[in-house]
Every structure is written in C-alpha cells, then in structure tokens.
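Below, each chain spelled out in residue letters.
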Amino acid sequence: MDNVTHGLAGLLVADVARQVLTAQGTTVGTRLWRALSVLGIVAAEFPDSDLIYSGPVLDMGSMGYLLHHRGHTHTIVWAVVSALLLWQVARWWVGRAGEPVPRAASRTLLVVALVGTLSHLLLDYTNSYGVHPFWPLDGRWYYGDAVFIVEPWLWLVAIPPLFWNRPRGIGRVLLPLFLVAILAAVLLLGQVARDVSVVLLVFAALWAVGQRFLSVTGRTVSGVVAWLLVTVGFFVASSRAEARVRDAVTVASAASGERVYDVVLNPGPGDWGCWSAMVVTGTDSSYRVTTAFVAPFASVRPLSTCTSGYLTGRLGADVLGALTVRDVVPFLATPQVQWRSTWRTSRQALSALYATCEGYAALHFMRVPLFFATGSGYSLDDARFGLGGGFSHVDIPTPGCSRGTYWVPGWVPPRGDLVGGPDQLETENSN
C-alpha cells in the first residue's frame, strides 16, 4: 500500500489506544497522546525501511528493489523485533519528563507498536504485489488480490474521524491536505470511473460533516469499523471475481489440457464492481498469460459499464496488447468476463530464462513473467506492472551469466510451478 494509507492506519491504532486507556481510568496527557500518535505512524511505516538498502546500498539497481523491497522487513519476525525496539524508544521519550511511565500506558505503547508494524504487513498483503510474512519458516509469496494499492475509500473513511479527534497540532493541517489530494486524484487523474467518482465525492462530504457531531469514541469506532467494512467488501468482491474467471476458463482449459496456475486480480480504484484479471495457464509444454475485464456483480454493475468506464487508466491498460507476438484467446466470454488478449510461449523458454543469473533472480519475484527476444538477449517484465521501462523490467544478455551474481533471498519463485518441479523448489528452500 501507499505510505499515506499506512500512516492513517497507524493513527487509527493510536486513537483506539487512547480510548482504551481513557476507559481504564488512565489520564492521557499531551505527551503520552503525542507519543501514541507518533508511535502509531512510525510503527506502521517501519517495515518500509527496506527502501534504504533495496537498491543504492546493495548497488543492484532495479533487481535490488524486486528482491528486497517487501522482503525481510516485511516478515512477522522483523515486525515483532522492530516493534519491541520502537516501544523502548517510546517509553524513554514519555519518561523524559522525569515521571515513571504508568504500567497501563507502557503496555498500551507496546500494543500500538506491535499492531502498527503488523498492520503494515496486513495492508501490503491485501493487494496483488504480495508479501512473504512467514519467512524463514515459509518463503512463499501471499497475495490478497483485493485492494487497489492507493485505495480512495480507505483515505475517505479514515481522515475525517482522525481530523475531528485532533483539535490542534500538525494533524489539523496535514489531514485536510491529504483529503484534498485524494479527492483531486479521483477527479483529475482519470483512474476512477465517473459514476464511482460521484459516489466518492458525495460520501466524502456527508462523512466529514457527520463525524463533526460524533463523540471522540464514536469517531474512533466508526473510522475503524468503516475501514474494516471497506476491506472486507473488496475481499468478498475479489473472491467472486476469481470464481467468475475460473468458471469461464474451466470448459476451454479442460478441452485444451491447460491448467490454471494463477489468477491475478486488481479492482478499479474505489470500485468493488469492476476488476482486471491476468490468468496464468499452461500445459506440459506451454505457458500462457491472458487478460480480461471482470464484473463480479454483473446484475448490479454490468460488464459493459466496466469496459466503457476503464478503457483508459491503469485498470484498462492491456499490457499484452503491446506485444506483436500474441495468440487467439481460447476461453469463452461470459456476462461477467470479457477477454482482452493472450500471449503464449513454451515452458522450455521460460525455464531457459530461469537458468540465467538475471532470470533466476527476477523470477524469485515475478508472478506474471512476460519476455521477448531483443537484439542482445531478452527483455523480461512482470506483466502486473507493465512492459518495458517499469520498475520490474530486467534485461537478460545472451549468453546469460552464472548464478550467484545477485543476493537472492530464499523466497519461493511465484512461477516455480512452471520453471521447476517440487524437488527443485525444496532444494532452493533448504538453501
């Protein structure tokens, strides 16, 4: 997720902590309240400290980012260790006034630090980029495929209650600016469908005014509950969208012998009803990627509305349409799924890239690898993030170099199911 969303989540955690302490009879003075708020934000942002070394320090260019952002700092082990460190710093800061930190306040600071760091992992899990939180016990990637990476609903439900709960301070300045920024993005960037934009704007106005008349506790509870409802809503829609896609693939794949390896989903920003899909299929000898529009609730939000509303913008981007080597889409269109384009190559070609040092490293991250020959080798991209020039782009020279050039962590390659068998993956995990 974007860092503003992480920060808002941390502030909501701090507001809940304040209400709990108050209910327990602990006085929350200015110093403790400030410590809770700062700790909530810092803890919620702290896993992204890997940005310090996932590139410049390792001098690995874009490969360092692919392999090490959302890496070791995005694990439960690191979240707990860093939370304990941040807790000690917060306790020291609160106690600088010379008075001992009350036991209830100390416990609450610890909870805020733990929930804050773990919230970062949970939020990053919700989108299609993925995390591997259970390393070193489990190096697999986990993907939520449910929430857009900059989701306007989360900003809109969180900012008004956080604003009204802060009668003064820097939050009174920054929070309205963030609200204006997300509303401007909704209106001006062309990423959000017009009808969804109207709903978002009306909701933002009513929600902001309504929060003014609630108590501090009411605002905190409503903000947290609304955040959870938004997230649950997107997960329900994602599950339904995936079911629609798999249903549309089943008949044709059974006839052709293709197996569905993965379905990658992204919603339209703020839009439960319109999704983009990338379907990874293959046989013993072939590897295929196919893109589609999906309307999981077509009776309410028809597929035609999705296709007309998102022909431009990120959701409407058809990365396969940029390729000259394509194929006829073999799957059946349905009232919920409109197939866009498909690209196919041999599994042998994918495995050959995995045998190069660049390909071996990159495929420990890439979930939907796409590649084609160039004059000097191969151009490799993760189709989730576009083709050529994006942060996931990797050039592979011919001949490839030997393994060991890059520091490749022990993540299980997302497409290990296509480039190697279980024995190979178990060997890599043990290393």
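Shown above is the structure to which this text applies.
For the structure given in this document, a descriptive report is provided here.

About the cut-offs
- Residues numbered from 1 in each chain as written.
- Predicted model: local features only at pLDDT ≥ 70, side-chain atom pairs only at ≥ 80, totals over all residues.
- Heavy atoms only, no water.
- Helix = DSSP H or I, 4+ residues; strand = E, 2+ residues; numbered from the N terminus.
- Buried < 20%, exposed > 50% of the residue type's maximum accessible area, 1.4 Å probe, protein only.
- Contact = heavy atoms within 4.5 Å.
- Areas by Shrake-Rupley, 256 points an atom, 1.4 Å probe, with all protein chains shown as cover.
- Lys, Arg positive; Asp, Glu negative; His and termini not counted.
- Charge placed at Lys NZ, Arg CZ, Asp CG, Glu CD.
- Pairing = 2+ DSSP bridges.
- Axes fitted to C-alpha atoms, helices over the stretch in contact; angles between N-to-C directions.
- Expected span 1.5 Å × (residues − 1).
- Patch = residues over 30% accessible without salt bridge, like charges linked within 9 Å, V, L, I, M, F, W, Y side chains within 5 Å.
- Salt bridge = Lys/Arg side-chain N within 4 Å of Asp/Glu carboxyl O.
- Parallel < 35°, antiparallel > 145°, perpendicular 65-115°, else oblique.
- Left-handed = near helix turned anticlockwise from the far one by under 90°.
- Nonpolar A, V, L, I, M, F, W, Y, C, P; charged D, E, K, R; others polar.

1. Some thoughts on the overall build of the chain
- Secondary structure assignment for the chain yields 15 helices and seven strands.
- Taking the principal axes of its C-alpha atoms as reference, the chain extends roughly 70 × 50 × 35 Å.
- Classification of the 431 residues of the chain by burial places 52% in the buried group.
- Within the chain, counting contacts between residues at least 6 apart in sequence, those at least 24 apart form 66% of the total.
- For the chain, the accessible area works out to roughly 18800 Å², and carbon and sulfur atoms hold 64% of it.
- Each charge class in the chain can be summarised by its mean position, and for the 30 positive and 28 negative side chains these summaries are 12 Å apart.

2. Quick word on the sheet that holds strand 4 (residues 337-346)
- What the four strands build is an open sheet, ordered 1-2-3-4; its pairing is antiparallel. The open sheet has two edge strands, strand 1 (259-268) and strand 4, and neither has a second partner. Sheet twist, expressed as the average angle between the axes of neighbouring strands with direction ignored, equals 15°.
- The pairing of strand 3 (residues 286-294) with strand 4 spans eight bridges and is classified as antiparallel. Of the residues in strand 4, the one forming a bridge with Ser286 is Ser346.
- Along the sheet face, helix 12 (residues 347-354) touches strand 1, strand 3 and strand 4 and points at about 65° away from the line of strand 4.

3. Overview of helix 7 (residues 152-164)
- Under the 1.5 Å per step criterion, the end-to-end length of helix 7 is 19 Å for 13 residues, consistent within 8% with the ideal 18 Å.
- Across the 13 residues of helix 7, 12 count as buried, placing the element largely inside the fold.
- Listed as buried for helix 7 are Pro152, Trp153, Leu154, Trp155, Leu156, Val157, Ala158, Ile159, Pro160, Pro161, Leu162 and Phe163.

4. As for a nonpolar patch on the surface
- On the surface, Ile76, Val80, Leu84, Leu118 and Phe134 cluster together into a nonpolar patch covering about 360 Å² of accessible area.
- It is helix 5 (residues 76-94) that contributes the most residues to the nonpolar patch, three residues altogether.
- Checked against the element boundaries, Phe134 lands in the loop between helix 6 (103-125) and helix 7.
- Taking relative accessible area as the criterion, Phe134 reaches 41% and is therefore assigned partly exposed.

5. Here we look at the pattern of salt bridges
- Enumeration according to the criterion identifies 14 salt bridges in this entry.
- Between Arg301 and Asp195 there is a salt bridge; the shortest N-O distance is 2.5 Å. Taken together, the residues Arg301 in the loop between strand 3 and helix 11 (303-309) and Asp195 in helix 9 (residues 194-212) connect sequence positions 106 residues apart.
- For Arg301, a relative accessible area of 12% translates into the label buried.
- Classification of Asp195 as partly exposed rests on a relative accessible area of 37%.
- Sharing partners across several salt bridges, the network here consists of Asp145, Asp262, Arg367, Arg415 and Asp417.

6. Some points on the packing of helix 8 (residues 171-188) against helix 9
- The geometry of helix 8 relative to helix 9 is characterised by a closest axis approach of 10 Å and an angle of 160° between their N-to-C directions. On the basis of their axis angle, the class for helix 8 and helix 9 is roughly antiparallel. At the point where helix 8 passes helix 9, the crossing takes the left-handed sense. Touching Leu183, Val186 and Leu187 of helix 8 are Ser197, Leu200, Leu201 and Ala204, all from helix 9.
- Class assignment of the residues belonging to the contact of helix 8 with helix 9 gives a composition of six nonpolar, one polar and no charged.

None of this, on its own, says anything about what the molecule does.
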